[in-house]
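Below are the chains, spelled out letter by letter.
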Amino acid sequence: MDVTMPDAFELLKTRRSVKPIELSGPGPTAAERDALLTIAARVPDHGKLVPWRFVVFEQDARLRAGEAIADAFVKDHPDANADQVEFEKRRLARAPLVVAVVSRAAPHVKIPEWEQVLSAGAAAMNLVLAAHALGFAANWITEWYAYDRRVCAALGLQDHEKIAGFIHIGRPAHPPEDRPRPALADIVTLFGT
Ligand SMILES: Cc1cc2nc3c(=O)[nH]c(=O)nc-3n(C[C@H](O)[C@H](O)[C@H](O)COP(=O)(O)O)c2cc1C
């Protein structure tokens, strides 16, 4: 497989997400996955609290996690047909590797919870960037089940933990088209002018 690793600045200028369904295998090897997660953990973290952790879904475990998603879906939609239930079951099986970035933010005497949450976002984005830098593509999504406490509990989250995102990682079927980006004039203020 021809894997090209883009220059860092070029990557940051051009990276964009690829839909989970368009992320095929082979996914990262175990060593590559650990390298990606090591980079994801290398983010600013006020107070060195490590207010995030990762849950990895690969191989058959993706469908076992999908059972929990499908179970919650069926409880809420008892009339769902088999195709709909199968779709839910396969939610985490679209890409070869899915990583849940879990925020462990909690009240702290000195460090605002908001800053802990931001650090989880930084970890998620670092994981996305690292995946692209290694020649994969990625997509950061949450979807309904990230906010469903039954699913979260089945995935091993404690009550105070939250899913910052499910980062889907795989090989892009084709280069994605870009989407419009905000004009700097709309988002930048030169203070004092
Ligand atoms: C926290 C978070 C949650 C997201 N959840 C979803 C989602 O559930 N479904 C979706 O289609 N996109 C979701 N997105 C957006 C995708 O990541 C989207 O593909 C991305 O914004 C595309 O931008 P890019 O081209 O710069 O990567 C989410 C983004 C963030 C930051």
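Residues numbered from 1 in each chain as written. Predicted model: local features only at pLDDT ≥ 70, side-chain atom pairs only at ≥ 80, totals over all residues. Heavy atoms only, no water.

1. A short note on the packing of aromatic side chains
Working step 1: Tallied over the entire structure, the rule returns five aromatic pairs.
Working step 2: Relative to Phe-54, the ring of Trp-52 lies with its centre 5.9 Å away and its plane at 25°, an arrangement referred to as stacked.
Working step 3: On the basis of relative accessibility, which here comes to 5%, the residue Trp-52 falls in the buried class.
Working step 4: Ring centres of Phe-57 and Phe-166 lie 6.3 Å apart, and the angle between their planes is 50°; on these two criteria the pair is classed as tilted. With a gap of 109 residues between them, Phe-57 in strand S2 (residues 52-58) and Phe-166 in strand S5 (residues 162-172) connect regions that are remote in the sequence.
Working step 5: Relative accessible area serves as the criterion here: at 0%, Phe-166 is assigned to the buried category. (Phe/Tyr/Trp six-rings, centres within 6.5 Å; stacked < 30°, edge-to-face > 60°. Buried < 20%, exposed > 50% of the residue type's maximum accessible area, 1.4 Å probe, protein only. Helix = DSSP H or I, 4+ residues; strand = E, 2+ residues; numbered from the N terminus.)

2. Structural notes on helix H2 (residues 30-40)
Working step 1: Every buried residue of H2 is listed here: Arg-33, Leu-36, Leu-37 and Ala-40. The buried side chains of H2 occupy one side of the element, clustering within an arc of 95° when seen end-on. Turned more than 90 degrees off the buried face of H2, the exposed positions are Ala-31 and Thr-38.
Working step 2: Lining the buried residues of H2 we find S2, strand S3 (97-103), helix H5 (113-133) and S5. (Arc of directions from axis to C-beta. Contact = heavy atoms within 4.5 Å.)

3. Notes on the packing of H2 against H5
When two helices pack together, their arrangement is given by the angle between the helix axes and by the axis-to-axis distance.
Working step 1: Interaxial distance between H2 and H5 falls to 8 Å at its minimum, and their mutual angle equals 140°. It follows that H2 is oblique to H5 by the angle criterion. In the packing of H2 onto H5, the handedness of the crossing is right-handed. Contacts from Leu-36, Leu-37, Ile-39 and Ala-40 in H2 reach Ala-123, Asn-126, Leu-127, Ala-130 and Ala-131 in H5.
Working step 2: When its residues are assigned to classes, the contact of H2 with H5 shows eight nonpolar, one polar and no charged. (Axes fitted to C-alpha atoms, helices over the stretch in contact; angles between N-to-C directions. Parallel < 35°, antiparallel > 145°, perpendicular 65-115°, else oblique. Left-handed = near helix turned anticlockwise from the far one by under 90°. Nonpolar A, V, L, I, M, F, W, Y, C, P; charged D, E, K, R; others polar.)

4. Considering the packing of helix H3 (residues 61-76) against helix H4 (residues 82-89)
Working step 1: Relative to each other, H3 and H4 sit at 135°, their axes nearing to 7 Å. One element, H3, and the other, H4, form an angle in the oblique class. Here H3 runs over H4; the crossing is right-handed. On H4, the residues touching Arg-62, Leu-63, Gly-66, Glu-67, Ile-69, Ala-70, Phe-73 and Val-74 of H3 are Gln-84, Val-85, Glu-88 and Lys-89.
Working step 2: Split into classes, the residues belonging to the contact of H3 with H4 amount to six nonpolar, two polar and four charged.

5. Observations concerning a nonpolar patch on the surface
Working step 1: The grouping of Leu-184, Ile-187, Val-188 and Leu-190 at the surface amounts to a nonpolar patch, some 430 Å² of accessible area in total.
Working step 2: For Ile-187, a relative accessible area of 54% puts it in the exposed group. (Patch = residues over 30% accessible without salt bridge, like charges linked within 9 Å, V, L, I, M, F, W, Y side chains within 5 Å. Areas by Shrake-Rupley, 256 points an atom, 1.4 Å probe, with all protein chains shown as cover. Salt bridge = Lys/Arg side-chain N within 4 Å of Asp/Glu carboxyl O.)

6. Things to note about unusual backbone geometry
For residues besides glycine, phi is generally negative; the peptide bonds are generally trans as well.
Working step 1: Omega for the peptide link from Gly-25 to Pro-26 comes to -5°, which places this bond in the cis form.
Working step 2: For Gln-59, which is not a glycine, the phi torsion comes out positive at approximately 50°.
Working step 3: Relative to the elements of secondary structure, Gln-59 occurs in the loop between S2 and H3.
Working step 4: Judged by its relative accessible area of 61%, Gln-59 is exposed.

7. Section: the site of the ligand
Working step 1: Residues in close proximity to the ligand include Arg-15, Arg-16, Ser-17, Asn-139, Trp-140, Ile-141, Thr-142, Glu-143, Ala-164, Arg-179 and Arg-181, which together make up its full environment.
Working step 2: Measuring from an oxygen atom of the ligand, one finds a side-chain N or O atom of Arg-16 at 2.8 Å.
Working step 3: One of the side-chain N or O atoms of Arg-181 is found 2.7 Å from an oxygen atom in the ligand.
Working step 4: Calculation on the ligand without its partners gives an accessible area of 630 Å², and the protein chains cover 59% of this total.
Working step 5: The leading source of residues in the shell around the ligand is strand S4 (residues 137-141), at three residues. (Near = heavy atom within 4 Å. Polar contact = N/O pair within 3.5 Å; in protein donor to acceptor, adjacent residues only side chain to side chain.)

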